[in-house]
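Structure assessment
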Amino acid sequence: MSKSATFVRHKAKPGRRDDVKGVWEKYAREYVAGGDGTLSYYYCYDDSDPDTVIVFQLGADQSSNQDFVKQPWFADYQRETAELLAGPSEVRTATPQWVKGSV
């Protein structure tokens, strides 16, 4: 299986989680929605922490997940998001061994 999963955890400054989402919508939402290499993508609010965003992405392969950071708007996205975060984001990648569904 050559698919690649990426997990991202953003910890926003208190009360700024919706602002982080707004930056994501401004730069990334359209790209993610149209991305052929993105098999599934979940932008989530953490139920146990009102300032945390958790993102899960399943890509067709490692390069499809890495294409996100190569977009011309990524530096602006990263800069605007960083201003709203309490600290660095946590990013993890994983190689799925089994996936339920048609992906």
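Scroll up to find the structure this text is about.
1. Looking at the sheet that holds strand β2 (residues 38–45)
- Strand order in the open sheet formed by four strands is β2-β3-β1-β4, and the pairing between neighbours is antiparallel. Each edge of the open sheet is held by one strand with a lone partner, namely β2 and β4 (90–94). Across the sheet, the axes of successive neighbouring strands diverge by a mean angle of 10 degrees, strand direction being ignored.
- The sheet contact formed by strand β1 (residues 4–11) and β4 spans five bridges and is antiparallel.

2. Section: the nonpolar core
- Counting 18 residues, the largest nonpolar core has V20, W24, Y43, F68, W73 and Y77 as its most contacted members.
- Leave out the neighbours within four places in its chain, and Y77 touches H10, V23, W24, Y27 and F68.

3. Quick look at the packing of aromatic side chains
- Throughout the structure, instances matching the rule amount to 13 aromatic pairs.
- Aromatic pair W24 and Y41: ring centres 5.8 Å apart, planes at 20 degrees, arrangement stacked. Here W24, found in helix α1 (residues 17–27), pairs with Y41, found in strand β2; they are 17 residues apart in sequence, far enough to count as distant. For the pair W24 and Y41, one class covers both residues: buried.
- Both rings, one in Y31 and one in F68, keep their centres 6.1 Å apart while their planes meet at 55 degrees; by these two values the pair is tilted. Placement of the pair is Y31 in helix α2 (residues 29–34) and F68 in the loop between α3 (62–66) and α4 (74–82), with a sequence separation of 37 residues.

4. Digging into the side chain of D51
- Position of D51 relative to the elements: it lies in the loop between β2 and β3 (52–59).
- The side chain of D51 sits in the buried core without any salt bridge; K11 is the nearest counter-charge, 4.7 Å away.
- Aside from chain neighbours lying at most four places away, what touches D51 is H10, K11, A12, K13, P14, G15, R16 and R17.

5. Here's the deal with the pairing of β1
- Relative to β3, β1 runs antiparallel, the two sharing eight bridges. From the neighbouring strand, V8 faces β3, where its bridge partner is V55.

6. Let's talk about the pattern of salt bridges
- Scanning all chains against the criterion turns up eight salt bridges.
- Between D19 and R16 there is a salt bridge; the shortest N-O distance is 2.5 Å.
- The class of D19 is partly exposed, set by a relative accessible area of 34%.
- A salt bridge links K21 to E25; its shortest N-O distance comes to 3.9 Å.

About the cut-offs
- Residues numbered from 1 in each chain as written.
- Predicted model: local features only at pLDDT ≥ 70, side-chain atom pairs only at ≥ 80, totals over all residues.
- Heavy atoms only, no water.
- Pairing = 2+ DSSP bridges.
- Helix = DSSP H or I, 4+ residues; strand = E, 2+ residues; numbered from the N terminus.
- Axes fitted to C-alpha atoms, helices over the stretch in contact; angles between N-to-C directions.
- Core = buried A, V, L, I, M, F, W, Y, C linked by side-chain atoms within 4.5 Å.
- Buried < 20%, exposed > 50% of the residue type's maximum accessible area, 1.4 Å probe, protein only.
- Contact = heavy atoms within 4.5 Å.
- Phe/Tyr/Trp six-rings, centres within 6.5 Å; stacked < 30°, edge-to-face > 60°.
- Lys, Arg positive; Asp, Glu negative; His and termini not counted.
- Salt bridge = Lys/Arg side-chain N within 4 Å of Asp/Glu carboxyl O.

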